[in-house]
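Coordinate inspection notes
Residues per chain, in single letters:
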2 protein chains.
Amino acid sequence: MINFTVGPVQSSDAVRAIGAENVPYFRTAEFSATMLENEKLIKKFAKAPEGSRVVFMTCSGSGGMETAIMNCLTSKDKAIVVNGGSFGHRFVELLQLHQIPYTEIKLAPGKALKPEHLKPYEGQGYTTFLVNKHETSTGVHYDIDLISDFCKRNKLFLIVDCISTFLTDPFDMAKLEADIMITGSQKALACPPGIAVMCLSPRALKRVEQNQCLCQYLDLKLALSNMDRGQTPWTPAVGVLLQINARLREIDANGGVEGEIARTAALANYFRTRLKELNLPFKIVSESLSNAVTPLHPTTASAYDIFLKIKDEYGIWICPNGGEMKDTIFRVGHIGYLHQADYDQLLDAFVDLQKKGFI
Amino acid sequence: MINFTVGPVQSSDAVRAIGAENVPYFRTAEFSATMLENEKLIKKFAKAPEGSRVVFMTCSGSGGMETAIMNCLTSKDKAIVVNGGSFGHRFVELLQLHQIPYTEIKLAPGKALKPEHLKPYEGQGYTTFLVNKHETSTGVHYDIDLISDFCKRNKLFLIVDCISTFLTDPFDMAKLEADIMITGSQKALACPPGIAVMCLSPRALKRVEQNQCLCQYLDLKLALSNMDRGQTPWTPAVGVLLQINARLREIDANGGVEGEIARTAALANYFRTRLKELNLPFKIVSESLSNAVTPLHPTTASAYDIFLKIKDEYGIWICPNGGEMKDTIFRVGHIGYLHQADYDQLLDAFVDLQKKGFI
């Protein structure tokens, strides 16, 4: 199978080689050193401000989103959240559950965030901004500079879900004055799922210190105090953490975050260009694309039927959508261990489907 | 390295082979089928009552303990908890955090639970009993029949942390009328860490249905409704779930849970017998042993120094203890892919340390 979904994605040989080994015991100086190196490299690639910290939580990216809210927000906050798809909607659900007052900027699928969306909220006493920098469900990459400027002017605490955009599109945490950056092991980190990575600014660390988290498992105070010595309060997904280490070192040795972004952008551009040249019956439905994924609306067949056909007859996974978009949108990812030749194979499959009159 | 810790432990060739592969996309009928087979086999090995359900949470065993409490207990409960070590203490901390009224049966390290410990609580209006069937930190295996009888007489809801004892010691969920059984992927399941497994009785399912869980990530209502179709609400540790499947099938093909318990018991007996024959300066400190682990008090040297020495000079991990027991106790595990010859190597190392005057 070739995997073009947005996670889990394909892993490099070095990462898979670690998966083949027994998972080592981890309450050791050796594992601590690996964890502290992971922290250092995540901070480097996120361009985190001086004094930031990183924690590795054994949970999904959504678990990381909830961890941010449970540890840093209270009912005294007044939040703005961008809701342009499933993951924006998840932030909204979490704010409701944890009783954080919020205002929602609701965007139709595929729509970009524009200055006029933010204007009504200038100087209105908001304290916090939450955004999925890349709304993965619809493939919309929001203008983070616009959001950052708004937050700076209004002195907002900025929580950024970078789950599917970390390492695929530029992100400068210090310059943006973002407070929490969240990503997951199974996106552009291209490791198995199981770990959410969170980078916390000094301002976020202060919020964690002042708050009580009502879930021990997701308590960042415990995670941070253990991370002082490169450890975790509970048994983590040790194997994935070792794989993350191999992957971060690989990226560091190959041009760092800029190199990785360029590599992903080249794949995305190649696919999008060939798609146009082949005149396939798919319409790109996002006003603002990330390098991570291309969301497509097939104009002649059901998106889900195409997903099944491509899986069962060509040995290729493209990424289906759920809910209302099940039949109208599928996505093709550009993250993980993929190469130009893989896209040629996918495009050939599409062309073949067209010849057969399926699309 | 040979790994005698109590997790992560060594994995079979079949399990490690899956680790070497790319993790597949999981929103598919194929993955759902695997998950439903996992559920079936866990229920079979736990001897779960008719109508039970299983969920696989991407978190540590401690995350599973908290999930049980957050989904099934409220401030209207009145709980009894056995606290004989670090994991009993964790249950106590969780009851405190979630404001569940409780009474603690505090046992000194190494001490067994006896009828007189329970007697004062007969007919006192308790609603719930929580116990770590095997208190892994001190290697004490509690008398679950005693606890079960008490719960039946007093109509208590019974939460059993079986994290390190599932598949190593007999457990009959139906007969015991236990309501929640918790285990973890990295114990006798002998897979990488990352997944907590929870088996829920019909009575537990009713409690979940009636409660509101104040953590979306650990919400069993969401986990259960997704598990109806063999799925999870969030991206799970897909790779570990496939490895669990391979391992459950292995056990099923090799005499089932009874075969696995017998295999573990044979290793534990072999080690304990040889230990006595060699007259090593280690004292077994538990009044009631599980097959999973042998807790040892070295009488001539620091337990932690022995751990370090064995790791650095012999390439073997034994399991150190933390906190107050750091220098007085280490543990030797009997779970995971271990064989008699591995114990010979460990015993040789101990004999060598004795010759050198280190112990």
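Keep in mind that this is a model prediction, so the values were computed, not measured.

What counts, and where the lines are drawn
Residues numbered from 1 in each chain as written. Chains lettered and ligands numbered in written order. Predicted model: local features only at pLDDT ≥ 70, side-chain atom pairs only at ≥ 80, totals over all residues. Heavy atoms only, no water. Axes fitted to C-alpha atoms, helices over the stretch in contact; angles between N-to-C directions. Helix = DSSP H or I, 4+ residues; strand = E, 2+ residues; numbered from the N terminus. Parallel < 35°, antiparallel > 145°, perpendicular 65-115°, else oblique. Left-handed = near helix turned anticlockwise from the far one by under 90°. Contact = heavy atoms within 4.5 Å. Nonpolar A, V, L, I, M, F, W, Y, C, P; charged D, E, K, R; others polar. Buried < 20%, exposed > 50% of the residue type's maximum accessible area, 1.4 Å probe, protein only. Pairing = 2+ DSSP bridges. Lys, Arg positive; Asp, Glu negative; His and termini not counted. Salt bridge = Lys/Arg side-chain N within 4 Å of Asp/Glu carboxyl O. Polar contact = N/O pair within 3.5 Å; in protein donor to acceptor, adjacent residues only side chain to side chain. Buried area = accessible area lost by both parts, 1.4 Å probe. Least-squares fit on C-alpha atoms with pLDDT ≥ 70 in both. Core = buried A, V, L, I, M, F, W, Y, C linked by side-chain atoms within 4.5 Å.

It is worth spelling out the packing of helix 11 (residues 256-278) of chain B against helix 13 (residues 340-355) of chain B at this point. Residues and elements named next belong to chain B. Running from amino to carboxyl end, helix 11 crosses helix 13 at an angle of 25 degrees, the nearest separation of the two axes being 10 Å. Overall, the two elements helix 11 and helix 13 adopt an arrangement that is roughly parallel. Like other packed secondary-structure pairs, helix 11 and helix 13 cross with a definite hand, here right-handed. Residues Leu 267, Tyr 270, Phe 271, Arg 274, Leu 275 and Leu 278 of helix 11 lie in contact with helix 13, whose contacting residues are Gln 340, Tyr 343, Asp 344, Leu 346, Leu 347, Phe 350 and Val 351. Here the residues of the contact of helix 11 with helix 13 are counted per class, giving ten nonpolar, one polar and two charged.

The subject of this paragraph is the pairing of strand 5 (residues 128-132) of chain A. Residues and elements named next belong to chain A. Counting buried residues in strand 5 gives five out of five residues, a clear majority hidden from the surface. With three bridges connecting them, strand 3 (residues 79-83) and strand 5 associate as parallel partners. Residue pairing for strand 5: Val 81 is matched across the bridge by Leu 130. Of the strand pairs in this sheet, strand 5 and strand 8 (residues 157-161) are connected by five bridges, and their pairing is parallel. When the bridges of strand 8 are listed, Val 131 appears paired with Val 160.

Structurally, the position occupied by Glu 66 of chain A is in helix 3 (residues 61-72). Arg 90 of chain A provides the closest opposite charge to the buried, unpaired Glu 66 of chain A, separated from it by 8.8 Å. Within the local environment of Glu 66 of chain A, its side chain forms a polar contact with the backbone nitrogen of Gln 216 of chain B, the two atoms lying 2.7 Å apart. Residue contacts for Glu 66 of chain A: discarding those within four places in its chain leaves Leu 94, Leu 97 and His 98 of chain A together with Cys 215, Gln 216 and Tyr 217 of chain B.

The interface of chain A with chain B comprises 54 residues on the first partner and 54 residues on the second. Interface of chain A and chain B: buried area, both sides summed, is about 3,900 Å²; carbon and sulfur atoms make up 60% of it. The largest contributions to the chain A side of the interface with chain B come from Asn 22, Tyr 25 and Gln 216 of chain A, which together make up 17% of the buried area. Between chain A and chain B we count two salt bridges in total. Put simply, chain A and chain B have 14 residue pairs in polar contact (both at pLDDT 80 or more) between them. Contributions of two or more residues to the side of chain A that touches chain B are made by helix 1 (13-19), helix 3, helix 4 (86-97), helix 12 (303-314) and strand 14 (319-320) of chain A.

If the charged atoms of two oppositely charged side chains come close together, the side chains can form a pair. Inspection of the entire model under this criterion finds 38 salt bridges over all chains. Between Lys 311 of chain B and Glu 30 of chain A there is a salt bridge whose closest N-O contact spans 2.8 Å. Taken as a pair, Lys 311 of chain B in helix 12 (residues 303-314) and Glu 30 of chain A in helix 2 (residues 29-46) lie in two separate chains rather than in one. Given a relative accessible area of 9%, Lys 311 of chain B falls into the buried group. Note that Glu 313 of chain A is salt-bridged to Lys 309 of chain A, the shortest N-O span being 3.2 Å. Of this pair, Glu 313 of chain A and Lys 309 of chain A both sit in helix 12, four residues apart, which is roughly one turn of the helix. Judged by relative accessible area, which is 23%, Lys 309 of chain A ranks as partly exposed. Ionic contacts of the salt-bridge type, sharing partners, join the residues Arg 247, Glu 250, Glu 260 and Arg 263 of chain A into one network.

What follows concerns the relation of the copies chain A and chain B. Mapping chain A onto chain B calls for a screw motion: a turn of 180 degrees about the axis and a shift of 0.0 Å along it, with 0.0 Å RMSD after fitting. Considering both components of the superposition, the chain copies are consistent with a two-fold axis. Of the residues that chain A buries at the interface, 100% are likewise interface residues in chain B, meaning the two copies contact each other through the same surface.

Another point: the side chain of Arg 90 of chain B. Positionally, Arg 90 of chain B belongs in helix 4 (residues 86-97). Among buried charged residues, Arg 90 of chain B stands out as having no salt bridge; its nearest opposite-charge side chain is Glu 93 of chain B, 4.9 Å away. Filtering out sequence-adjacent residues up to four positions away, Arg 90 of chain B remains in contact with Gln 216, Pro 233 and Trp 234 of chain A together with Ser 62 and Met 65 of chain B.

All names here are of chain A. Ordered in space as 2-10-9-8-5-3-4, the seven strands form an open sheet in which the pairing is mixed. Because the sheet does not close on itself, it has two edges, and the strands there are strand 2 (53-57) and strand 4 (102-106). Ignoring strand direction, the axes of neighbouring strands in this sheet form an average angle of 15 degrees. Its contacts with the sheet put helix 4 on strand 3, strand 4, strand 5 and strand 8, and the angle it makes with strand 3 is roughly 150 degrees.

Turning to the pairing of strand 15 (residues 330-333) of chain B, a few remarks are in order. Residues and elements named next belong to chain B. By the alternation rule, side chains of strand 15 split into Phe 330 and Val 332 and Arg 331 and Gly 333, which are all buried. Taken together, the four bridges between strand 12 (residues 293-298) and strand 15 define a ladder with antiparallel strand orientation. In the sheet register, Val 293 faces strand 15, and the bridge partner there is Gly 333. Across two bridges, the pairing between strand 14 (residues 319-320) and strand 15 is antiparallel. Note on strand 15: the bridge partner recorded for Cys 319 is Arg 331.

This part takes up the environment of Thr 67 of chain B. Residue and element names in this part refer to chain B. With respect to the helices, strands and loops of the structure, Thr 67 is situated in helix 3 (residues 61-72). By relative accessible area, Thr 67 is classed as buried at 0%. C-alpha separation for the pair Thr 67 and Glu 104, spaced 37 residues apart in sequence, amounts to 20 Å.

Our next topic: the sheet that holds strand 3 (residues 79-83) of chain B. Residue and element names in this part refer to chain B. The strand order across the open sheet formed by seven strands is 2-10-9-8-5-3-4, and the pairing between neighbours is mixed. The sheet is open, and its two borders are formed by strand 2 (53-57) and strand 4 (102-106), each paired with just one other strand. Neighbour to neighbour, the strand axes of the sheet diverge by 15 degrees on average, direction disregarded. As paired elements, strand 2 and strand 10 (residues 196-200) share five bridges and run antiparallel to each other. In the strand pairing of strand 10, Met 57 is matched with Ala 196.

Turning our eyes to something else, we now look at the nonpolar core. With 183 residues, the main nonpolar core has Phe 129 and Phe 350 of chain A together with Phe 129 and Phe 350 of chain B as its most contacted residues. Tallying contributions element by element places helix 10 (residues 238-253) of chain A first for this core, with eight residues. When residues no more than four places from it in sequence are discounted, the contact partners of Phe 350 of chain A are Phe 271, Leu 280, Phe 282, Ile 306, Ile 310, Ile 318, Phe 330 and Ile 359 of chain A. Ranked by size, the runner-up nonpolar core spans 72 residues in total, among them Trp 234 of chain A together with Met 65, Phe 91 and Tyr 217 of chain B.

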